[in-house]
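For reference, the chains in residue letters:
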Amino acid sequence: MFGSKAVVLVKEHKRCPPEQLNPVNEDLLRQVFNEMSVLFEANKTDIENKEDVRDNKTIPSIHLRHSALEMDRRCVLAYLKQRLNKITEFRWNHGAVLPEDIQVNLHEVEKQWFNKYNKSLASYMLSLNGLDITQNTVPPKSLKIQVRCLQDYGELETDSGDIVMLTQNSEHYLPLSECEHLIKQGVLQHVGS
């Protein structure tokens, strides 16, 4: 049936967990593109036979094939758009370097797109005087948080000039803006408010 492979493509991506990315299903994409090519050629042949087009028997089949073509196109575009949305989300959540398990599943074209997106985002952040807009995507409940140091880190100088000694298992009440990058690195752990 027309469009069934394209629907499988969209459903396959929908079943993927949000924190993962399946490899591009190139075989199924190729099958959908082949189906689209067959549909297009059949319509082209019917339209070129001007005698048959005037016959009302071929017009419904042309419309049916054209509708199937449009559905295949929409499904393929939705599949590719959702993959790019997920890659964009990974960039905002994981930073400029993606985890290996995600990088392995990216197609070469997606890797190129990711690199261009990184460059574009970096140049935008530079235009904002180096402000990292990927960090504070959710407004904090308070400006300071309680953190536990998971490893010996050494001295941390805050913006106010105070020096805090970060030793393993020590707990501190620090400004969120100054310890957020250490939380992402795994040096600190947020323990409560």
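Scroll up to find the structure.
Just so you know, the residues in each chain are numbered from 1, in the order the chain's sequence is written. Totals for whole chains, interfaces and linings use every residue, but because this is a predicted model, local features are given only for residues with pLDDT of at least 70 and side-chain atom pairs only at 80 or more, for both listing and counting. Only hydrogens and water are set aside; all other atoms, that is, all heavy atoms of the structure, feed into the side-chain values.

Looking now at the pairing of strand S3 (residues 163-166). Only protein chains enter the accessibility calculation, which uses a 1.4 Å probe; a residue whose area is less than 20% of its type maximum is buried, one above 50% is exposed, and one in between is partly exposed. Secondary structure elements are taken from DSSP: a helix is a run of H or I of four residues or more, a strand is a run of E of two residues or more, and numbering for both begins at the N terminus. Only one face of S3 is buried: it carries Val-164 and Leu-166, and the other face, with Ile-163 and Met-165, is open. By the convention used here, strands pair only if DSSP detects at least 2 bridges between them. When strand S2 (residues 154-157) meets S3, the two strands line up antiparallel, connected through 4 bridges. The residue bridging Glu-157 from the neighbouring strand is Ile-163, located in S3. In this antiparallel pair of consecutive strands, S2 and S3, the connection spans 5 residues, and Gly-161 shows a positive phi of 95°.

Right, let's get into the packing of aromatic side chains. Two numbers describe a pair of aromatic rings. These are the distance of the centres and the angle of the planes. Here a pair means two rings of Phe, Tyr or Trp (six-membered ring of Trp) with centres within 6.5 Å. Their orientation is stacked below 30 degrees between planes, edge-to-face above 60, and tilted elsewhere. As enumerated under the stated definition, the model contains 1 aromatic pair in all. Their ring planes at 10° and their centres at 5.3 Å tell us that Trp-113 and Tyr-117 sit as a pair that is stacked. With Trp-113 and Tyr-117 both in helix H6 (residues 108-127) and 4 residues apart, this pair spans about one turn of that helix. For Trp-113, a relative accessible area of 28% puts it in the partly exposed group.

Note on method: axes are straight lines fitted to C-alpha atoms, helices fitted across the in-contact stretch only, with angles between N-to-C directions ranging 0 to 180 degrees. Running from N to C, helix H4 (residues 59-94) and H6 cross one another at 45°; their axes reach a closest spacing of 11 Å. It follows from the interaxial angle that H4 and H6 lie oblique. As H4 runs across H6, the sense of the crossing is right-handed. Taking contact as the criterion, the partners of Arg-83, Leu-84, Ile-87, Thr-88, Arg-91 and Trp-92 in H4 are, on H6, Glu-110, Trp-113, Phe-114, Tyr-117, Asn-118, Leu-121 and Met-125. Gly falls in the polar group here, along with every residue not listed as nonpolar (Ala, Val, Leu, Ile, Met, Phe, Trp, Tyr, Cys, Pro) or charged (Asp, Glu, Lys, Arg). The residue makeup of the contact of H4 with H6, split by class, is 8 nonpolar, 2 polar and 3 charged. We call two directions roughly parallel when the angle between them is under 35 degrees, roughly antiparallel when it is over 145, roughly perpendicular when it lies between 65 and 115, and oblique otherwise. Each crossing gets its hand from how the near helix is turned against the far one by less than a right angle, where anticlockwise is left-handed and clockwise is right-handed. Contacts are assigned to residue pairs with any non-hydrogen atoms lying within 4.5 Å of each other.

Taken together, the 3 strands give an open sheet; going across it, the order is S4-S1-S5, and neighbouring strands pair in antiparallel fashion. Single-partner strands in this sheet number two, and they are strand S4 (171-175) and strand S5 (188-192). Neighbour-to-neighbour, the strand axes of this sheet turn through a mean angle of 45°, independent of strand direction. With 4 bridges connecting them, strand S1 (residues 144-149) and S5 associate as antiparallel partners. Each residue of the ladder has a partner; that of Cys-149, found in S5, is Leu-188.

Turning our attention to the pattern of salt bridges. The term salt bridge refers to a pairing of a side-chain nitrogen on Lys or Arg with a carboxyl oxygen on Asp or Glu at a separation within 4 Å. Taken as a whole and assessed by the stated rule, the structure comprises 6 salt bridges. As a salt-bridge pair, Arg-83 and Glu-110 come within 2.6 Å of each other at their nearest N and O atoms. Remark: Glu-110 occurs in helix H6 and Arg-83 occurs in helix H4; sequence separation between them is 27 residues. Accessibility expressed as a relative area gives 8% for Glu-110, which makes it buried. Among the ionic pairs, Glu-171 bridges to Arg-148, the shortest N-O distance being 2.7 Å. Here the residue Glu-171 occupies a position in strand S4, and Arg-148 occupies one in strand S1, the gap between them amounting to 23 residues.

As a further point, take empty space enclosed by the protein. Only protein atoms enter the 1 Å grid used here. Points where a 1.4 Å probe fits but cannot escape make up a cavity, open sets with protein on both sides within 12 Å along at least five of seven lines make up a pocket, and a residue lines them when an atom lies within 4 Å of a point. Grid points are joined across faces, edges and corners, and a volume is the space filled by probe spheres set on the points. Summed over all chains, the structure comprises 1 cavity of 30 Å³ or more. In this structure, the largest cavity occupies an estimated 30 Å³ of space. Forming the boundary of the largest cavity are Glu-12, His-13, Cys-16, Leu-21, Asn-22, Pro-23, Tyr-79 and Arg-83. When contributions to the lining of the largest cavity are tallied by element, the ones reaching two or more residues are helix H1 (4-15) and H4. Within the lining of the largest cavity, the residues separate by chemical class into 4 nonpolar, 2 polar and 2 charged.

On to the layout of surface pockets, then. Gaps left between atoms show up when a probe the size of a water molecule is rolled over them. Considered as a void within the structure, the largest pocket measures approximately 350 Å³ in volume. Surrounding the largest pocket, 19 residues form its lining, Val-138, Pro-139, Pro-140, Leu-176 and Glu-180 being those nearest its centre. Sorting the residues of the lining of the largest pocket by element identifies H4, S1 and helix H7 (176-185) as the ones contributing at least two each. No other element matches the 4 residues that H7 contributes to the lining of the largest pocket.

Structural measurements only, silent on function.
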